[in-house]
Amino acid sequence: MGFRKIIIGDIHGCILELQELILKLDLLPNDQLFFLGDLIDKGPDSLGVVQFIHELSKKQNVKLVLGNHEDKFLRYMHNRKFNKKALADMKVPADFEILGEHLTLQEIALLKQSYFNYFIKEDNLLLLHGGISGNCSLDFSINYQYSKHSTKEFKGLDLITRTRYIDANGIFVSIGMESDQINFWAEVYDGKFGKVIFGHNPFLNETPKLFNHAIGLDTGCVFGGWLSAVIITESNLDYLSVLAKNKYAKLK
Ligand SMILES: [Mn+2]
């Protein structure tokens, strides 16, 4: 029997849009769901989103890709317990405190099971949150997992959750350091690790942003755009988006 693989872009606490999207998807028990990261922060109900996805994971096969906002939240949780000094140095969004107070151990464990990258071999699709810098030496046939692989051990891991721009040599460029020699990574990506489906960079559009070897799935829901999904069957790749009910945050 065929089943669908459904990949969902950045939610950022937009619980109403997530619920609407899930309703419209009319899930069957064998459908597999992948979330591309940034479930939390910026939007109206980060706690509700994590609780909803945790409930969903009891009925469906759910896999999470780590976003930079989950990465920061898990660092926050670690510091809360073990490193008060580092905690004092963190700029903590208000919803992190709510999440920290109310998430169950099981819900936090679900976040910790997130993948930095997830390769779907039969479709030659690589899921990740941010992007790939040109000098990246990671082995993308390994699905690096937050709970098992550390960014100390594999240096490029944290970059794949946050890469947007790279320089002429393919090296990661941080925000504020742009020059005319830089490119958005997906513009120059040659497809060598497969077709990449990524989030992180909002493209305010009703349909995902298509590149030669990549699909940008963050259609800016929290900024008043859309929440988008890619739906993959044996013979087809399709998109479904729901319009944001509000403009919850300002795009800088
Ligand atoms: Mn992000």
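Please refer to the structure placed before this passage.
Please read these numbers as outputs of a predicted model, since none were measured by experiment.

*Asks:* I would appreciate a short explanation of the overall build of the chain in the present structure.
*Replies:* Of regular secondary structure, the chain possesses 8 helices and 13 strands. Over its C-alpha atoms the chain spans a radius of gyration of 17 Å, differing by no more than 12% from the 18 Å that the globule rule assigns to 252 residues. Restricting to contacts in the chain with at least 6 residues of sequence separation, those with at least 24 account for 68%.

*Asks:* I'm lost on the environment of glutamate 122 in this one. Help?
*Replies:* With respect to the secondary-structure elements, glutamate 122 resides in the loop between strand 4 (117-120) and strand 5 (125-128). On the basis of neighbour count, glutamate 122 is assigned to the exposed category, with 8 C-beta atoms found within 10 Å. Separated by 41 residues in the primary sequence, glutamate 122 and lysine 81 have C-alpha atoms spaced 41 Å apart.

*Asks:* Can you help me understand the sheet that holds strand 4 in this one?
*Replies:* Strand pairing within a sheet occurs via backbone hydrogen bonds; the two strands may be parallel or antiparallel. Strands sit in the order 4-5-9-11-10 across an open sheet of 5 strands; the sheet is mixed. Of all strands in the sheet, those with a lone pairing partner are strand 4 and strand 10 (209-210), marking the two edges. With 2 bridges connecting them, strand 10 and strand 11 (residues 214-216) associate as antiparallel partners. The partner of lysine 209 across the bridge, within strand 11, is glycine 216.

*Asks:* Can you help me understand the sheet that holds strand 6 (residues 165-166) in this one?
*Replies:* Taken in spatial order, the 3 strands line up as 7-6-8 in an open sheet, and their pairing is antiparallel. Among the strands making up the open sheet, the edge pair consists of strand 7 (172-173) and strand 8 (183-184). Taken together, the 2 bridges between strand 6 and strand 7 define a ladder with antiparallel strand orientation. By the bridge assignment for strand 7, tyrosine 165 is matched with valine 173.

*Asks:* For this particular structure, what's the right way to read the nonpolar core?
*Replies:* Nonpolar side chains in soluble globular proteins generally cluster together in the buried interior. Membership of the largest hydrophobic core comes to 60 residues, with the highest contact counts inside it found for Ile7, Phe35, Leu36, Val65, Leu127, Ile197 and Leu227. Here this core gets 5 residues from one element, more than from any other, and that element is strand 12 (residues 226-232). Apart from residues lying up to four places away in sequence, leucine 227 is in contact with Gly9, Ile11, Cys14, Glu17, Leu18, Leu21, Cys221, Ser241, Val242 and Ala244.

*Asks:* What am I meant to see in the packing of helix 2 (residues 46-59) against helix 5 (residues 94-102) here?
*Replies:* To characterise two packed helices, one gives the angle between the axes of the helices and the distance between these axes. Taken N-terminus to C-terminus, the directions of helix 2 and helix 5 make an angle of 40°; their axes are 9 Å apart at the nearest point. Taken as axis vectors, helix 2 and helix 5 run oblique relative to one another. Counting all contacts with helix 2, which are made through Ser46, Leu47 and Val50, the residues of helix 5 involved are Asp95, Ile98, Leu99 and His102. The residue inventory of the contact of helix 2 with helix 5, partitioned by class, reads 4 nonpolar, 2 polar and 1 charged.

*Asks:* Before we go on, may I ask you to explain the environment of lysine 148 in this structure?
*Replies:* Note on placement: lysine 148 falls in the loop between strand 5 and helix 7 (157-160). As for lysine 148 and asparagine 236, which are separated by 88 residues in sequence, their C-alpha atoms are 33 Å apart.

*Asks:* Any chance you could explain the pairing of strand 12 here in plain terms?
*Replies:* For a regular strand, the rule is simple: side chains alternate between the two faces of the sheet. Burial within strand 12 is extensive, with 6 of its 7 residues counted as buried. Taken together, the 4 bridges between strand 1 (residues 5-8) and strand 12 define a ladder with antiparallel strand orientation. Paired with lysine 5 across the bridge in strand 12 is isoleucine 232. Direction of pairing for strand 12 relative to strand 13 (residues 237-243): antiparallel, over a ladder of 7 bridges. Note that in strand 13 the partner of isoleucine 232 across the bridge is leucine 237. Joining the antiparallel neighbours strand 12 and strand 13 is a turn of 4 residues.

What counts, and at which threshold
Residues numbered from 1 in each chain as written. Predicted model: local features only at pLDDT ≥ 70, side-chain atom pairs only at ≥ 80, totals over all residues. Helix = DSSP H or I, 4+ residues; strand = E, 2+ residues; numbered from the N terminus. Rg over C-alpha atoms; globule rule 2.2 N^0.38 Å. Contact = placed C-beta atoms within 7 Å. Buried ≥ 20, exposed ≤ 12 C-beta atoms within 10 Å, placed from the backbone. Pairing = 2+ DSSP bridges. Core = buried A, V, L, I, M, F, W, Y, C linked by C-beta atoms within 7 Å. Axes fitted to C-alpha atoms, helices over the stretch in contact; angles between N-to-C directions. Parallel < 35°, antiparallel > 145°, perpendicular 65-115°, else oblique. Nonpolar A, V, L, I, M, F, W, Y, C, P; charged D, E, K, R; others polar.

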